[in-house]
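# Observations on the three-dimensional arrangement
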Amino acid sequence: MTLVSAAIDYSPSADPLSAEAIQSALPGSLKARFHCLQVHSEIPSTQLHALAATPGSGTCAVFLAERQTQGQGRQGRRWVSPAGCNLYLSVARRFDLPPAQLAGLSLVAGIAIAEALHAAGAGNVKLKWPNDVMVDGRKLGGILIQLRPLSSDASLVAIGIGINVRMPVEAAAQIDQPWCDLAAVLAAPPSRNVIAASVLSHLLPACEAFEAGGMAVFQGRWDALDALLGQRVRILDGAREVQGVAAGVTETGALRVRDGEREQVFHGGEVSVRAS
Ligand code: BTN
């Protein structure tokens, strides 16, 4: 594996990111699965590096940044990415599946992140379909999945993960939704290197299990983390609005919504969900 850490730590953080520290916090069994692990001081977006990566079969390329100048969120939104305080991480991995079968991957990434944060002591972390990482109705992190097709049944997938660890007040003013950070959830959040290693330790095996068995093998774990399960929700699907009770996900990761006897299914990217 190639390890690269930014030579200049320009960030004021007392907790600088370090490729060596992340690697040493990883379980030995995973170390051979990394094509590279790079930490950058400032780049437009870790997603751009991940989408350009060429990890070999069975390995992944990992990119972190202290700061992103063009952090990307879902649906064309911006991801507020101030320096030296949060986690901005992208994992590039080849999946030998047709694009249609990758739909559940963003839910699986959410499960891996939530389980990693539970292991760090943040047991109140939940997931809001399709892939918002939440604590008490406030967004702690987000996931952005982007694909680069390699053939009709294989893609390079960039799994982008943002976790608010210690959001500075001045940056928080730019966030347009209820949010929180790990500093508000845990008395003493672990170092960002330890959080990154834990997320990778949960994510890599989850990716393998997903490639072998799809979302179906994760349904029980999703149910245990589902912030919406049994809640009244309002689905905005273009001009259409549907109300009902969230009833978990299908085998492919679509959201099930019940209204009396009627059940409707919503796929990622089509809708936004608000507790009603
Ligand atoms: C969302 O809108 O909820 C998804 C946010 C994803 C943010 C992460 S931070 C690391 C990676 N690089 C980016 O530019 N975006 C993702």
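Further up the page is the structure itself.
Scope of this entry: the structure provided in the associated data block. Because the structure is a prediction, the values reported are computed rather than measured. Position numbers for residues start from 1 in each chain and track the written sequence from start to end. Owing to the predicted nature of the model, reporting of local features is limited to residues with pLDDT of at least 70; listing and counting of side-chain atom pairs is limited to 80 or more, with chain, interface and lining totals taken over all residues. In computing side-chain properties, one takes all heavy atoms of the structure into account and sets aside hydrogens as well as water.

### Observations regarding the overall build of the protein chain
Condition: Each helix is a run of DSSP H or I of at least 4 residues and each strand a run of E of at least 2, with the numbering of both proceeding from the N terminus. In this description the radius of gyration comes from C-alpha coordinates, and the expected globular size is given by 2.2 Å times residues to the power 0.38. The cut-offs for exposure are 20% and 50% of the maximum accessible area for each residue type, with area from a 1.4 Å probe on protein chains only; residues under the lower value are buried, those over the upper are exposed, and the others partly exposed. Where accessible areas are quoted, they stem from the Shrake-Rupley method and a 1.4 Å probe; at the residue level, only the protein chains shown are allowed to cover. Counting rule for charge: Lys and Arg are taken as positive, Asp and Glu as negative, and neither His nor the chain ends is counted. Where a charge sits is defined by one atom per residue type, namely NZ (Lys), CZ (Arg), CG (Asp) or CD (Glu).
Tallying secondary structure elements over the protein chain gives seven helices and 13 strands in all. Scaling as 2.2 N^0.38, a compact globule of 276 residues should have a C-alpha radius of gyration of about 19 Å, and the protein chain matches this with 18 Å. Principal axes of the C-alpha set define a box for the protein chain whose edges measure 60 × 45 × 30 Å. The buried share among the 276 residues of the protein chain stands at 50%. Of the accessible surface of the protein chain, which amounts to about 11,700 Å², a share of 51% is contributed by carbon and sulfur atoms. Side chains of the protein chain give 23 positive and 24 negative charges; the mean places of these two sets differ by 2 Å.

### Quick look at the environment of G137
Tracing the backbone shows G137 in the loop between β6 (132–135) and β7 (138–151). For the pair G137 and L102, spaced 35 residues apart in sequence, the C-alpha separation works out to 27 Å.

### Considering the nonpolar core
Stated formally: For our purposes a nonpolar core is just a set of buried Ala, Val, Leu, Ile, Met, Phe, Trp, Tyr and Cys residues, chained together by side-chain atoms within 4.5 Å. We call two residues in contact when some of their heavy atoms are within 4.5 Å.
Judged by nonpolar contacts, the single largest core of 67 residues is most densely connected at L64 and I159. With residues near it in sequence (within four places) discarded, I159 still touches Q47, L89, S90, V91, L105, A109, I143, L144, I145, L203 and C207.

### Let's talk about the packing of aromatic side chains
Each aromatic ring pair is described using two quantities: the centre-to-centre distance and the angle formed by the ring planes. Threshold: Ring pairs shown here join Phe, Tyr and Trp side chains whose ring centres sit within 6.5 Å, with only the six-membered ring taken for Trp; geometry is labelled stacked below 30 degrees between planes, edge-to-face above 60, and tilted in between. For a lysine, the NZ atom is tested; for an arginine, the CZ atom; a charge sits over a ring if that atom is within 6 Å of the ring centre and within 35 degrees of the ring normal.
The full count for this structure, using the stated rule, is one aromatic pair. Between the aromatic rings of F95 and F210, the centroid separation amounts to 6.4 Å while the plane-to-plane angle is 70°, which identifies the pairing as edge-to-face. You can see F95 sitting in strand β4 (residues 87–95) and its partner F210 sitting in helix α6 (residues 192–213), a full 115 residues away along the chain. Residue class for F95 comes out buried when judged on its relative accessible area of 0%. One Lys or Arg, R93, reaches over the ring of F95 and ends 4.5 Å from the middle of that ring.

### Details of the side chain of S90
Spelled out, the test is: Polar contact is defined as a pair of N or O atoms within 3.5 Å, subject to the rule that within protein one atom must be able to donate a hydrogen and the other to accept it, and that residues adjacent in sequence are counted only when both atoms are side-chain atoms.
You can see S90 is positioned in strand β4. One polar contact links S90 to T46, side chain to side chain, over a distance of 2.7 Å. Apart from residues no more than four positions distant in its own chain, S90 is found in contact with T46, Q47, A50, A61, V62, F63, I159 and G160.

### Observations concerning the pairing of strand β9 (residues 232–237)
Test applied: One requirement defines pairing of two strands: DSSP has to find at least two bridges between them.
A one-sided burial pattern is seen for β9, the buried positions being V233, I235 and D237 and the unburied ones R232, R234 and L236. Adjacent in sequence and paired antiparallel, β9 and strand β10 (residues 240–249) are bridged by two residues, among which G238 carries a positive phi angle near 65°.

### Some thoughts on the site of the ligand
What counts, and what does not: A single heavy atom is enough: if one lies within 4 Å of a molecule or strand, its residue is considered near that molecule or strand. Any residue outside Ala, Val, Leu, Ile, Met, Phe, Trp, Tyr, Cys, Pro, Asp, Glu, Lys and Arg is labelled polar, Gly included; the first ten of those are nonpolar and the last four are charged.
Close to the ligand lie 20 residues, the nearest being S45, Q68, Q72, R74 and K139. Across the complex, the protein chains shield 99% of the 410 Å² of accessible surface that the ligand would expose by itself. Counting only elements with at least two residues in the shell around the ligand, the list comes to α2 (46–51), β4, β7 and β8 (154–163). When residues in the shell around the ligand are grouped by element, the largest group, four residues, is from β7. Tallied by class, residues from the shell around the ligand come to six nonpolar, eleven polar and three charged.

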